[in-house]
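# A structural walkthrough
One letter stands for each residue in the lines below.
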Amino acid sequence: MPERTIVLPVARDGTPTAAIARAAALLRAGGLVAFPTETVYGLGADATAPAAVEGIFHAKQRPHSDPLIVHVAERDALPSVVRDIPDVAWELARRFWPGPLTLVLPRADRIPALVAAGGETLGVRVPDHAVARALIRAAGVPVAAPSANRFTRTSPTMAAHVLADLDGRIDCVLDAGPCAVGVESTVLDLTMNPPRILRPGGVTLEALRAIISDVRGPVETTEATANSMAVARAPGQMERHYAPRTRLIVFDGEGGKALNAIRREAVAALARGERVGALLPDEEAGALAGLAVTVAALGSSADLGAISRRLYAALRELDERRLDLILAHTFGREGLGLALWDRLRRAAGGELRAP
Ligand code: TXA
Ligand code: MG
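Below or above, wherever it landed, is the structure these notes cover.

Conventions we followed
- Residues numbered from 1 in each chain as written.
- Chains lettered and ligands numbered in written order.
- Predicted model: local features only at pLDDT ≥ 70, side-chain atom pairs only at ≥ 80, totals over all residues.
- Heavy atoms only, no water.
- Pairing = 2+ DSSP bridges.
- Helix = DSSP H or I, 4+ residues; strand = E, 2+ residues; numbered from the N terminus.
- Axes fitted to C-alpha atoms, helices over the stretch in contact; angles between N-to-C directions.
- Contact = heavy atoms within 4.5 Å.
- Buried < 20%, exposed > 50% of the residue type's maximum accessible area, 1.4 Å probe, protein only.
- Polar contact = N/O pair within 3.5 Å; in protein donor to acceptor, adjacent residues only side chain to side chain.
- Near = heavy atom within 4 Å.
- Areas by Shrake-Rupley, 256 points an atom, 1.4 Å probe, with all protein chains shown as cover.
- Nonpolar A, V, L, I, M, F, W, Y, C, P; charged D, E, K, R; others polar.
- Parallel < 35°, antiparallel > 145°, perpendicular 65-115°, else oblique.
- Left-handed = near helix turned anticlockwise from the far one by under 90°.
- Salt bridge = Lys/Arg side-chain N within 4 Å of Asp/Glu carboxyl O.

## A few points about the sheet that holds strand E11 (residues 247-251)
Strand order across the open sheet formed by four strands is E11-E14-E12-E13, with parallel pairing between neighbours. Among the strands making up the open sheet, the edge pair consists of E11 and strand E13 (293-297). Going from strand to strand, the sheet's axes swing by 20° on average, the running direction of each strand aside. Helix H8 (residues 255-271) contacts E11, strand E12 (276-280), E13 and strand E14 (325-329) of the sheet and is inclined by roughly 170° relative to E14. Strands E11, E12, E13 and E14 of the sheet are contacted by helix H9 (residues 304-319), whose axis makes an angle of about 170° with E12.

In structure tokens, the structure reads:
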């Protein structure tokens, strides 16, 4: 375990290159380097070095049953980490890479099974961030990287979040400011026919349909299907994930009805003497005025991209306020709404309430 974590500021364009070179040298030496991607900060290690990859599981306290995504710097590197690549994978790569789409394909022998939780498949993507790609190129190896948070905690969208969870447990953080997408990549399993989304994320179901008309969405998530899925197809997709420490109640719905449910729940909790917070879009942020509720504004509900960017930071902000209860609601299931729905549900322990 490193004694301290070095923080190296870099611009979004990857300058100064000396910082990138230093981080790349750490990766090549088997170290752990957190770096920005367009989705969230990743915790990187040389994907071809089992001891380095083992360090990721240790630092995050992540179970070995949860597979890691491998990051490469360009599309053409795809055959260096996976095999039996179908035409549709190339088509998706041309359309969405660099970008927030992870393709699950048969793992190449060069990548140790440990990376893939012992499985025969591997998730791979090209991140849309100049710093991430410059780092991977300079390291000269594919980089295994989960989100740079402690296991089950909220993913980091700023270097400060990484340090809050992992300071002293990793070698270095490249700090290039906040992430542009804010929710993780969409994980698409191309080893199934038709392909299935294992985790909704930055590339929407609707966008994927333009290329794979019969692509299947994430399995409807009753506790039972989620648990059997976790074993069978989507290891790591457990229900309590992306979670704050504070109790979180999420109402499934938007508009007046969900807001009324939040107000009702807040009034009841305040009457019990509890400290209450709420995650609300800008338009609704004033609706609890007059109640002693700490509100974190998420951005306009007309811009789900803005809400995605803010979600994890806002959750962390409220989590630090020593509240007893956080209240929120979902934003439909269209476009990025599906990823927000998934993350809010998991953050609430797998349960959504009817408003
Ligand atoms: O946006 C992202 O994907 C970020 C950035 C850093 O790239 N990474 C990320 O990694 O979110 P992580 O480890 O926090 O989540 C990866 C999830 C796993 O928990 C698992 O659910 C799924 O992706 N996954 C990865 N490889 C898989 C595989 N071979 N088969 C099935 N699911 C896989
Ligand atoms: Mg994660």
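## Quick look at the side chain of His161
One can find His161 in helix H5 (residues 159-166). For His161, a relative accessible area of 8% translates into the label buried. A distance of 3.1 Å separates the side chain of His161 from the backbone nitrogen of Thr157, its partner in a polar contact. Setting aside chain neighbours within four positions, we find His161 in contact with Pro156, Ala313 and Arg316.

## Some remarks on the sheet that holds strand E3 (residues 42-46)
Sheet architecture is open: 10 strands sit in the order E1-E8-E2-E3-E7-E4-E6-E5-E9-E10, paired in mixed fashion. Across the chains shown, the open sheet's two edge strands, defined by having one partner strand only, are strand E1 (6-9) and strand E10 (196-199). Set on the sheet, helix H3 (residues 87-96) makes contact with strand E5 (101-106) and strand E9 (186-189); between it and E5 the angle comes to about 160°.

## Here we look at the site of ligand 1
If you check the shell around ligand 1, you find 26 residues, and the closest are Thr39, Arg62, Asp66, His71 and Ser185. Take Thr39: an N or O atom from its side chain is 2.7 Å from an oxygen atom of ligand 1. Within the side chain of Thr121, a nitrogen or oxygen atom sits 3.1 Å from a nitrogen atom of ligand 1. Relative to its free-state accessible area of 670 Å², ligand 1 is covered by the protein chains to the extent of 97%. When residues of the shell around ligand 1 are traced back to their parent elements, those giving at least two are strand E4 (69-71), strand E6 (121-125) and E10. Across the shell around ligand 1, the residue classes tally to 11 nonpolar, nine polar and six charged.

## Comments concerning the packing of H9 against helix H10 (residues 337-347)
It is at 10 Å that the axes of H9 and H10 come closest, and there the two elements cross at 15°. Comparing their axes, H10 and H9 come out roughly parallel. Our pair here, H9 against H10, has a crossing hand that is left-handed. Two secondary-structure elements touch here, H9 through Leu304, Ile307, Ser308, Leu311, Tyr312 and Leu315 and H10 through Gly337, Leu340, Arg343, Leu344 and Ala347. Along the lines of polarity and charge, the residues of the contact of H9 with H10 split into eight nonpolar, two polar and one charged.

## Examining the pairing of strand E8 (residues 172-175)
Bridge count for E1 against E8 is four bridges, and the pairing is parallel. Directly across from Ile6, in E8, lies its bridge partner Cys172. Where strand E2 (residues 33-35) lies against E8, two bridges are found, and the strand directions are parallel. Across the sheet, Val33 pairs through a bridge with Cys172, a residue of E8.

## A few points about unusual backbone geometry
With an omega of 0°, the peptide bond running from Thr15 to Pro16 counts as cis. Checked against the element boundaries, Pro16 lands in the loop between E1 and helix H1 (17-28). The residue after Trp97, namely Pro98, is reached through a cis peptide bond having omega -5°. Inspection of the secondary structure assignment puts Pro98 in the loop between H3 and E5. Even without being glycine, Gln61 reaches a positive phi, approximately 60°. Despite not being glycine, Asp84 shows a phi value in the positive range, around 50°. Here Asp84 lies in the loop between E4 and H3.

## Some thoughts on the pairing of E9
Burial along E9 is two-sided: the residues Thr186 and Leu188 and Val187 and Asp189 are all buried. Bridge analysis of E5 against E9 gives four bridges, and the strand direction is parallel. Bridging across to E9, Thr102 finds its partner in Val187. Looking at chain direction, E9 and E10 are connected through three bridges and run antiparallel. Looking across to E10, one finds that Asp189 is bridged to Arg196. Turn length for the E9-E10 hairpin, with the two strands adjacent in sequence and antiparallel, is six residues.

## Some thoughts on the pattern of salt bridges
Taken as a whole and judged by the stated rule, the model has 16 salt bridges. One salt bridge in this structure joins Arg83 and Asp84, with 3.0 Å as the shortest N-O distance. Two residues, Arg345 and Asp342, come together in a salt bridge whose shortest N-O distance is 3.3 Å. With Arg345 and Asp342 both in helix H10 and three residues apart, this pair spans about one turn of that helix. The same class applies to Arg345 and to Asp342, which are both buried. Salt bridges here are not isolated pairs; linked through shared partners, they connect Glu184, Asp342, Arg343, Arg345 and Arg346.

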